[in-house]
Amino acid sequence: MKVRRLYPAKPRHVYLYVTCLVDLFDPQAGLDAISLLEREDIAVTFVPGQTCCGQPAYSSGYNREARQIALSQIALFPEPWPVVILSGSCGGMMHHHYLRLFKDSEHEQTVAAFSDRVFELTEFLVNVCRVQWRDSGGPTSVVMHTSCAARREMQVHVSAGQLLSQLEKVELREQACESECCGFGGSFSVRHPDISQAMVEDKTRQLCATAADHLVSADWGCLLNINGALSYQRKSLQGRHLASFLLERTGGHHE
């Protein structure tokens, strides 16, 4: 049974957890997320020492190593501010799986307090900031891919759609089998490349069938997989992080 999360009042200060993939492949998405938050009169702190959330180790069965990574990351965010994260997958790890890793340990209470502060970006914008935006772009269409973790772990798959629905001139086109995995799954795509390839080929086929002008997702792991497949197929469609698309459509950077 889904437990409804209680959201705090909009804070004056947050941490941004940008994730490894955004840092490596699309740092502009991180900068755009900062602009979105700053426009809501929220001061944003990016901690340079942040690294991996520990999910690859955890999902591969290396719990001891995952705990070491988790504790090192938690120590970087000592202030009681929300930690806004640009990935449902990393968010699921930090908000849910950290609790499992440290259950009945000496760190359980510290970890629980930290995990309760973790919010995925679209979840935070909708439920904490309660943003109301106006579309400043021309007519266009978009198809969205939602990660499995955002849907099944964080249960925030509706948040991105709620943000896009505020854009009057953006037509949101629904792909067939929208809830199906793209085949990335972190280390899954490495362990089972043939299965992953079949899954992403099915996903890209459904995305292209919408004939949307733009592809967006709030998870760069999925985008990395999908964009790679689209490039290999020589398709013109390429995905962007939702933060960049939203910033572009709603007036750009904070003045």
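Below or above, wherever it landed, is the structure these notes cover.

What counts, and at which threshold
Residues numbered from 1 in each chain as written. Predicted model: local features only at pLDDT ≥ 70, side-chain atom pairs only at ≥ 80, totals over all residues. Heavy atoms only, no water. Helix = DSSP H or I, 4+ residues; strand = E, 2+ residues; numbered from the N terminus. Rg over C-alpha atoms; globule rule 2.2 N^0.38 Å. Buried < 20%, exposed > 50% of the residue type's maximum accessible area, 1.4 Å probe, protein only. Contact = heavy atoms within 4.5 Å. Areas by Shrake-Rupley, 256 points an atom, 1.4 Å probe, with all protein chains shown as cover. Lys, Arg positive; Asp, Glu negative; His and termini not counted. Charge placed at Lys NZ, Arg CZ, Asp CG, Glu CD. Axes fitted to C-alpha atoms, helices over the stretch in contact; angles between N-to-C directions. Parallel < 35°, antiparallel > 145°, perpendicular 65-115°, else oblique. Left-handed = near helix turned anticlockwise from the far one by under 90°. Pairing = 2+ DSSP bridges. Phe/Tyr/Trp six-rings, centres within 6.5 Å; stacked < 30°, edge-to-face > 60°. Expected span 1.5 Å × (residues − 1). Polar contact = N/O pair within 3.5 Å; in protein donor to acceptor, adjacent residues only side chain to side chain. Core = buried A, V, L, I, M, F, W, Y, C linked by side-chain atoms within 4.5 Å.

Attention now moves to the overall build of the protein chain. Of regular secondary structure, the protein chain possesses 13 helices and eight strands. Relative to the 2.2 N^0.38 estimate, which gives 18 Å for 255 residues, the radius of gyration of the protein chain is 18 Å and therefore close to what a compact globule would have. Dimensions of the protein chain, computed from the C-alpha atoms along their principal axes, are close to 55 × 45 × 35 Å. Taken over 255 residues, the protein chain has a buried fraction of 51%. Considering only contacts in the protein chain between residues 6 or more positions apart, those separated by 24 or more positions represent 79%. In the form shown here, the protein chain has an accessible surface area of approximately 12500 Å², with 52% of it arising from carbon and sulfur atoms. Each charge class in the protein chain was averaged separately, 24 positive and 28 negative side chains, and the resulting centres sit 3 Å apart.

On to the packing of helix 2 (residues 27-38) against helix 13 (residues 242-249). Running from N to C, helix 2 and helix 13 cross one another at 50°; their axes reach a closest spacing of 8 Å. Here helix 13 runs oblique to helix 2, going by the angle between their axes. As helix 2 packs across helix 13, the resulting crossing turns out to be left-handed. Residues Q28, A29, D32, A33, S35 and L36 of helix 2 lie in contact with helix 13, whose contacting residues are A243, S244, L246 and L247.

Moving on, we come to the sheet that holds strand 8 (residues 239-241). The parallel open sheet is built from four strands, whose spatial order is 6-5-7-8. Strands at the two margins of the open sheet, each flanked by one partner only, are strand 6 (170-173) and strand 8. Looking at each pair of strands side by side, their axes are set apart by 40° on average, direction ignored. Where strand 7 (residues 214-217) lies against strand 8, three bridges are found, and the strand directions are parallel. Bridge pairing in strand 8 places V216 opposite R240. Sheet strands in contact with helix 9 (residues 157-164) are strand 5 (140-145), strand 6 and strand 7, and its direction is about 170° off that of strand 5. Sheet strands in contact with helix 13 are strand 5, strand 6, strand 7 and strand 8, and its direction is about 80° off that of strand 8.

Another aspect to go through is the packing of aromatic side chains. For the structure on display, the rule yields eight aromatic pairs. For the pair F25 and W220, a centre-to-centre distance of 6.5 Å together with 15° between the ring planes defines the contact as stacked. Here F25, found in helix 1 (residues 20-25), pairs with W220, found in helix 12 (residues 220-232); they are 195 residues apart in sequence, far enough to count as distant. Residue F25 is classed as partly exposed on the basis of its relative accessible area of 46%. Exposure remark for W220: the relative accessible area of 11% places this residue in the buried category. An aromatic cluster is present here, built from Y15, Y17, F77, W81, Y98 and F114 joined pairwise through their rings.

Looking now at helix 12. Taking 1.5 Å per residue as the helical rise, helix 12 with its 13 residues ought to reach 18 Å, and the 18 Å between its terminal C-alpha atoms agrees with that figure. The complete set of buried residues in helix 12 reads W220, G221, C222, L223, N225, I226, N227, A229 and L230. Where helix 12 ends, the next residue or the one after it, R234, has phi of about 60°, a positive value.

Looking now at the environment of S72. Assignment of secondary structure puts S72 in helix 4 (residues 63-74). For S72, a relative accessible area of 36% puts it in the partly exposed group. Polar contacts involving the side chain of S72 include one to the main-chain carbonyl oxygen of I69, which spans 2.6 Å.

L37, L121, F124, L125, L164 and L246 are the most contacted members of the largest nonpolar core, which totals 37 residues. Sorting the residues of this core by element identifies strand 1 (13-17), helix 2, helix 7 (121-127), strand 5, helix 9, helix 12 and helix 13 as the ones contributing at least two each. The residues touching L121, leaving out its near neighbours within four places in the chain, are A33, L37, V84, I85, L86, H241 and A243. F77, C90, M94 and F114 belong to the second-largest nonpolar core, a separate cluster that totals 20 residues.

Within the secondary structure layout, L125 lies in helix 7. Since its relative accessible area comes to 0%, L125 is described here as buried. Separated by 20 residues in sequence, L125 and H145 place their C-alpha atoms 18 Å apart. Among all residues touching L125, those that are not within four sequence positions of it are L36, L37, R130, V131, W133 and L163.

By themselves these figures say nothing about function.
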